[in-house]
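These are the residues of each chain, in order.
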Amino acid sequence: MVEALVIRAEISELTRVYDWAEALGRQLDVPQSTLFAIQLCFEEALSNIARFGFADGENEVPRNTDVRLTVEPRGDTIVATIEDHGVAFDPLVAAAPVRPTAISEVPLGGRGIHLMRQFTRTLEYERRNGMNRLTLCFVCTEQAPGRSVA
Amino acid sequence: MSQHLVAILVAVVHSQADWPPAQFRRTGRNRDRKRAAPGGSQRKVIVDLEQVSFLASMGIRTIIMGAKAINLKGGRMVLLRPTPDVEKVLTTTGIDTLISIVHDLDAAIGVVSN
């Protein structure tokens, strides 16, 4: 069973995504920590798509800003996908953030991809037919999920 | 539209005898992205995260902005009682190495008072 949602690549859509995931979580009886991870990763990915996915400024033709999200339970995991028509961007090649040593030097941003890596079991990317496709796998667990902190 | 309230209780601690403080301000952040950085003009700030059920990088940005402002004044900020999931976000991003996280109010007062 695959549940899908199509939104616009806009920050204002994040609430709708959060609520949709919340409802799905109840429907699928997803553990709270797993739901948290799903909502976190959705927010991080969608924020990046909304802020950077269409910022190349070179395309004067109206772009398709639809973003398609899917959620599918598979055994003891939840598999989610995020597809968008934005500029090609592979989050897997982004460098891990440098752990700050002083509050004065801490950048305000740049943590979203790292959070996605740490809160998923697996994170996969592909570019096909002009679309970015991110596939996220979450383990259904009551504990705060993801991999060990780097 | 359902609102996901992220309630941040910001307590300005002047002394241990001040708790609960006579003066504190409550900032709320909902999905409309209202944002208020804690701290203002104060130097000792406890940010109570007990009622914060969700925190992503946007929320971390707000916390960092407050911490930077407080740091410039030579003050301290401490994060109090985050939930396990919220705390994992903070530790994953290394924020816990810069801003103390405690789960006890007395400990929080002790941190900002030192």
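For the structure itself, consult the block above.
Heads up: these notes are all about the structure in this document. Everything numeric in this text was worked out from a predicted model, so none of it was measured. (Residues numbered from 1 in each chain as written. Chains lettered and ligands numbered in written order. Predicted model: local features only at pLDDT ≥ 70, side-chain atom pairs only at ≥ 80, totals over all residues.)

### Re the nonpolar core
Defined as follows: Buried Ala, Val, Leu, Ile, Met, Phe, Trp, Tyr and Cys residues form a nonpolar core when they are connected through C-beta atoms within 7 Å. Here exposure depends only on C-beta density: within 10 Å of a residue's C-beta, 20 or more other C-beta atoms make it buried, 12 or fewer make it exposed, and intermediate numbers make it partly exposed, the C-beta atoms being placed from the backbone. Numbering of helices and strands starts at the N terminus; helices are DSSP runs of H or I of at least 4 residues and strands are runs of E of at least 2.
Membership of the largest hydrophobic core comes to 61 residues, with the highest contact counts inside it found for A:Ile38, A:Cys41 and B:Val78. A total of 11 residues in this core trace back to one element, the largest contributor, which is helix H2 (residues 32-52) of chain A.

### Structural notes on the interface of chain B and chain A
Where interface size is given, it is often the accessible area lost as the parts come together that is meant. Note the threshold: Throughout, a pair of residues is in contact if the C-beta atoms placed from their backbones lie within 7 Å.
Contact with chain B, which involves 26 residues of that partner, is made by 26 residues of chain A. At the level of elements, helix H1 (57-72) and helix H2 (84-92) of chain B are the ones that each hand at least two residues to the side of chain B that touches chain A. Sorting elements by how many residues they give to the side of chain B that touches chain A places H1(B) first, with nine residues.

### Things to note about the environment of A:Thr135
Note that A:Thr135 resides in strand S5 (residues 131-139). Sequence separation of A:Thr135 and A:Val98 is 37 residues, and the distance between their C-alpha atoms is 25 Å.

### What to know about the sheet that holds strand S3 (residues 77-84) of chain A
Residue and element names in this part refer to chain A. The line we're drawing: Two strands make a pair as long as DSSP finds a minimum of two bridges between them. Lines fitted to C-alpha atoms define the axes, with helix axes restricted to the stretch in contact, and inter-axis angles between N-to-C directions lie between 0 and 180 degrees.
The strand order across the open sheet formed by five strands is S1-S2-S3-S5-S4, and the pairing between neighbours is antiparallel. Lying at the two open borders of the sheet, with one neighbouring strand each, are strand S1 (3-8) and strand S4 (122-128). Put simply, the sheet's adjacent strands are angled 15° from each other on average, direction ignored. Across the sheet, helix H1 (residues 14-28) is in contact with S1 and strand S2 (66-74); its angle to S1 comes to roughly 175°.

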